[in-house]
Amino acid sequence: MSKKIVFCGGGNMAEGVIRSVLQREVAAAGDITVSELNPQRCDYLKEAYGVEALVDASAAMKTADMIIIAVLPKIVPVVLQSLVGVVKEDAVVLSIAAGVKIASIEEVLGADRKVIRVMPNTLGQSGNGHSAVCLNSNINEEDKAYALEFLGALGQTIILPESMFGEFTAFSCSGPMWLYQMADALVDAGVYAGFSRSDAQKMVIKNMLGVAMILDETGDEPKERVNEMCSPGGVTIEGYKSLVDEGFASAVMTSVDKAVKKANAI
């Protein structure tokens with residue numbers, strides 16, 4: 001069943017979601033309206049995606065089934081005030097604004113409002129990567145099913161208590177950074193070994209894709225696969241020993257822990 005959707009904010013966050021849901025046909029362009037104060041940005045979104053984009057979208061908000069808050073955290077209070085007395089009683093308010101808690105939204109719009117908080121993953125354009133979802137008690141099963149289908153266009157979803165959003169932000173949303181860093185180091189290692197940077201990057205990319213696919217398909221723990229590759233006295237165990245000696249696993253765990261502490265301190 002099609003639902004009318006209004007985005008509050010037409011910046012990069014909103015555009016990323018719009019692009020994904022349209023590409024994966026989770027929503028139709030004709031059902032999407034964007035409320036954006038920049039007229040040039042409105043023109044761009046209309047031309048690029050065929051959605052309605054308006055400086056004043058208050059009329060669309062009155063009939064919307066889902067309102068998506070996609071603005072910077074500091075602008076959220078202003079946006080919430082603009083929604084008071086405007087949105088339908090049964091409309092779902094879905095926020096992708098970082099750090100804005102469900103209680104803050106309920107405080108302005110009312111504790112009886114249907115509110116969903118989402119922390120999207122930065123890999124949404126690839127269709128992979130988890131988004132964290134927290135639902136307030138007013139969300140029914142139909143609301144939940146639609147929201148998860150909608151967010152499925154961005155990749156995978158995991159329902160978490162709001163208290164875990166700091167850990168999720170650091171571990172999952174920042175997670176690609178560690179993999180990009182590992183890929184970069186491996187490319188450098190390939191160049192050092194004598195390969196061109198282009199060839200080294202191609203090999204690293206395919207190895208990373210292959211490893212991800214195997215782990216995803218088999219459910220094996222990474223350690224199992226490492227053990228299979230490390231033949232006694234072989235080449236791979238020699239490289240593995242060096243990683244152990246250099247404290248590779250400890251460095252990664254410490255790095256993630258520091259990111260988690262930072263996320264929870266914000």
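Note that the structure is predicted; figures quoted are calculated from it, not measured. (Residues numbered from 1 in each chain as written. Predicted model: local features only at pLDDT ≥ 70, side-chain atom pairs only at ≥ 80, totals over all residues. Heavy atoms only, no water.)

A few words on helix α1 (residues 12–23). For α1, spanning twelve residues, the distance from its first C-alpha to its last is 16 Å, which sits close to the expected 16 Å at 1.5 Å a residue. Listing the buried residues of α1 in full gives A14, E15, G16, V17, I18, S20, V21 and L22. The elements touched by buried residues of α1 are β1 (5–8), β2 (32–35), α2 (39–49) and α6 (141–151). Phi turns positive one or two residues past the end of α1, at E25, with a value near 55 degrees. (Helix = DSSP H or I, 4+ residues; strand = E, 2+ residues; numbered from the N terminus. Expected span 1.5 Å × (residues − 1). Buried < 20%, exposed > 50% of the residue type's maximum accessible area, 1.4 Å probe, protein only. Contact = heavy atoms within 4.5 Å.)

Let's shift gears to the nonpolar core. Core analysis: the biggest nonpolar cluster contains 32 residues, and F7, V21 and F150 have the highest contact counts within it. Secondary structure elements with two or more residues in this core: β1, α1, β2, α2, β4 (66–69), β5 (92–95), β6 (114–119) and α6. Considering each element in turn, this core owes the most residues, five residues, to α1. Setting aside residues no more than four positions away along its own chain, F150 makes contact with I5, F7, V17, V21, V26, A27, M66 and I68. V76, A97, C134 and F165 belong to the second-largest nonpolar core, a separate cluster that totals 26 residues. (Core = buried A, V, L, I, M, F, W, Y, C linked by side-chain atoms within 4.5 Å.)

Throughout the structure, instances matching the rule amount to twelve salt bridges. Here K3 ties to E142 by a salt bridge, and the two come within 3.8 Å at their closest N and O atoms. Here the residue K3 occupies a position in the segment before β1, and E142 occupies one in helix α6, the gap between them amounting to 139 residues. By relative accessible area, K3 is classed as buried at 16%. Close ionic contact of E162 with R117 constitutes a salt bridge, the shortest N to O distance being 3.0 Å. You can see E162 sitting in the loop between β8 (156–159) and α7 (165–173) and its partner R117 sitting in strand β6, a full 45 residues away along the chain. Of the residues examined, E162 reaches a relative accessible area of 24% and is grouped as partly exposed. If you follow the salt bridges from partner to partner, you end up with E15, R19 and R41 in one network. (Salt bridge = Lys/Arg side-chain N within 4 Å of Asp/Glu carboxyl O.)

Relative to the assigned elements, R41 resides in helix α2. Each C-alpha atom of the pair R41 and D188 lies 40 Å from the other, and the pair is 147 residues apart in sequence. Setting aside residues no more than four positions away along its own chain, R41 makes contact with G10, G11, N12, E15 and E36. Here the side chain of R41 touches E15 through a polar contact of 2.7 Å, side chain to side chain. (Polar contact = N/O pair within 3.5 Å; in protein donor to acceptor, adjacent residues only side chain to side chain.)

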